[in-house]
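A look at the structure
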Amino acid sequence: MNLPTAYTRIAIILHWLVALAVFCALPLGMYMHELPLSPTKLQLYSYHKWLGISVLLLVAVRLAWRIGHRPPPLLPGMPRWQEIAAHATHHSLYLLLLAIPLSGWLMSSALGFSVVWFGVIPLPDLVDKDEQLGELLKNVHATLNFTMLALILVHAAAAIKHHLFDHDGTLARMLPFLKTGPRA
Amino acid sequence: MRRLLLALLIPALGAGTALAAEFNTVQLDKSSVSFVSKQMGVPVEGRFKTFAAQVSFDPNKPETAKTQIDIELASIDAGSSDANAEAKGKAWFNIREFPGARFVSSGIRSIGNGRYEAAGKMTIKGRTRDVVAPFSAKADGGQLLIEGAIPILRLQYGIGDGTWSDTGVVADEVQVRFRFTLVTKK
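Residues numbered from 1 in each chain as written. Chains lettered and ligands numbered in written order. Predicted model: local features only at pLDDT ≥ 70, side-chain atom pairs only at ≥ 80, totals over all residues.

When helices and strands are tallied, chain A shows five helices and two strands. In sequence order, the secondary structure elements of chain A are arranged as α-α-α-β-β-α-α. Projected onto the principal axes, the alpha-carbon positions of chain A cover approximately 55 × 30 × 25 Å. When burial is assessed residue by residue, chain A has 22% of its 184 residues classed as buried. For chain A, restricting intrachain contacts to residue pairs at least 6 apart in sequence, the fraction spanning at least 24 positions comes to 67%. (Helix = DSSP H or I, 4+ residues; strand = E, 2+ residues; numbered from the N terminus. Buried ≥ 20, exposed ≤ 12 C-beta atoms within 10 Å, placed from the backbone. Contact = placed C-beta atoms within 7 Å.)

Have a look at this one:
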């Protein structure tokens, strides 16, 4: 079997769509839960939930796409520990990108505020209303998010390190406009 | 006063006919008053834990039926402690000035198939509006189960004034749902 040498365009688009949604949903989540109750707070919560469910769907599509379109292997010449770290980070991020929206959805159900995606598509409640469970899920949701934030920082720092210090094509594989050198 | 009146009236009506099947006492522990509002398109359920209801209802003679429901607004459970505190405040129910809401029927008619319509007046926050509440009545042993809803437009009563008046966030339509178990007491 021939190994792919590049990410497909679809894989690149999906990566950045998820990144954009997370970039909006994560700070929004941190900000909104401190607010006193107001119409704005209700709006922000809804937007956050819509983004979260979008992430869940996009990641499901990404994983399905990935099964049929294997990502290119890591560039040769990396130390073994970096390869292991890279794979571990990628797999953990996929896991968190599924677990976090799911924990949010579960939390919404448990707290009695269902999710209606984009105000149009009502999602079923995953559990019955149970305030204690809701509070527990709130903590789970927050903990998973701080874990993901740490991993995102590692992921981004590694990508920037590859670009600025190793001068390899790792980042350019996901950001094609960074590609330099002779045109094919 | 009304209760006293009913208490005097009911035996008088019942006298002479053994078939009289007027249900006149609400079993509060088997009854509930709840409501459903829509927030950002999401139906959110809440309830009032404390209410009083006087209902006299004969399914065969709905036109003689009467009802009055009094809701203690401070007993609201709007889904979260934040929401409860907010709902009691000035912009919503302003319970310091208006502690109660009241529905008084003016006429009840059958619309067939065990379903009825109660027309009446709803008073919340000092404002009274005409409402029509469809409900069903089902006999179950010696009990009568009444289930229905009073649709209201919250802004007609000034519920959720000011910044909350944006119906894109909290819809104007609110369903006040009631479920009463009635028995007959002589």
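Moving on from the coordinates now.
We now examine the interface of chain B and chain A. The interface is formed by 14 residues belonging to chain B together with 11 residues belonging to chain A. Of the residues that constitute the side of chain B that touches chain A, the class distribution is six nonpolar, four polar and four charged. (Nonpolar A, V, L, I, M, F, W, Y, C, P; charged D, E, K, R; others polar.)

Next up on the list: the confidence of the model for chain B. All names here are of chain B. Residues at a pLDDT of 70 or more form 89% of chain B, whose mean pLDDT is 90. Counting contacts from residues 12–19, a segment whose pLDDT is below 50, to residues more than four positions away or on other chains yields four contacts. Complex prediction metrics read pTM 0.85 and ipTM 0.81. (pLDDT = per-residue confidence, 0-100.)

This part is about the packing of helix α1 (residues 9–32) of chain A against helix α2 (residues 39–68) of chain A. Between two packed helices, what matters for the description is the angle formed by their axes and the separation of those axes. Residues and elements named next belong to chain A. For the pair α1 and α2, interaxial distance at closest approach is 9 Å and the crossing angle is 155°. Viewed along their axes, α1 and α2 adopt a mutual orientation that is roughly antiparallel. Crossing handedness for the pair α1 and α2: left-handed. A class-by-class count of the residues in the contact of α1 with α2 yields 20 nonpolar, four polar and two charged. (Axes fitted to C-alpha atoms, helices over the stretch in contact; angles between N-to-C directions. Parallel < 35°, antiparallel > 145°, perpendicular 65-115°, else oblique. Left-handed = near helix turned anticlockwise from the far one by under 90°.)

Residue and element names in this part refer to chain A. Contact pair helix α3 (residues 80–111) / helix α4 (residues 131–164): the axes reach a minimum separation of 8 Å and the direction vectors enclose 155°. Classed by the angle they form, the pair α3 and α4 counts as roughly antiparallel. Here α3 and α4 pass one another in a crossing that is left-handed. Each residue belonging to the contact of α3 with α4 can be placed in one class, and the counts come to 17 nonpolar, nine polar and two charged.

On to the nonpolar core. For soluble globular proteins, nonpolar side chains are generally found buried alongside one another. Residue and element names in this part refer to chain B. The biggest cluster of nonpolar side chains holds 40 residues, and the ones touching the most others in it are F57, I69, I71, F180 and L182. At five residues, the largest contribution of residues to this core is made by strand β11 (residues 173–183). When near neighbours in sequence (up to four residues on either side) are disregarded, I71 contacts V33, F48, F51, G100 and A101. (Core = buried A, V, L, I, M, F, W, Y, C linked by C-beta atoms within 7 Å.)

Taken together, the six bridges between strand β4 (residues 51–56) of chain B and strand β5 (residues 66–72) of chain B define a ladder with antiparallel strand orientation. Looking at the pairing, B:F51 lines up with B:I71 of β5(B). (Pairing = 2+ DSSP bridges.)

The two faces of the sheet receive side chains in turn, since in a regular strand these alternate between them. Residues and elements named next belong to chain B. Of the two faces of β11, the one lined by V174, V176, F178, F180 and L182 is fully buried and the one lined by E173, Q175, R177, R179, T181 and V183 carries no buried residue. Sheet analysis places strand β1 (residues 25–26) next to β11, joined by two bridges and oriented antiparallel. Residue V26 lies in a different strand from β11, and its bridge partner there is L182. Sheet topology places strand β2 (residues 32–39) next to β11; five bridges connect them, and they run antiparallel. Counterpart to V36 in the pairing with β11 is Q175. The pairing of strand β10 (residues 143–153) with β11 spans 10 bridges and is classified as antiparallel.

A word on unusual backbone geometry. In this model, A:F118 sits at a positive phi of 55°, which is unusual for a non-glycine residue. Within the secondary structure, A:F118 sits in the loop between β1 (116–117) and β2 (121–122). We classify A:F118 as exposed; it has 12 C-beta atoms within 10 Å. In this structure, B:K125 takes a positive phi of about 55° despite not being glycine. Turning to its location among the elements, B:K125 is positioned in the loop between β8 (115–124) and β9 (127–140).

Assignment of secondary structure puts A:V154 in helix α4. Remark: the alpha-carbon pair of A:V154 and A:A86, spanning 68 residues in sequence, is separated by 9.4 Å.

Here the focus is the environment of A:H15. Structurally, A:H15 is set in helix α1. The exposure class of A:H15 is partly exposed, given the 16 C-beta atoms found within 10 Å.

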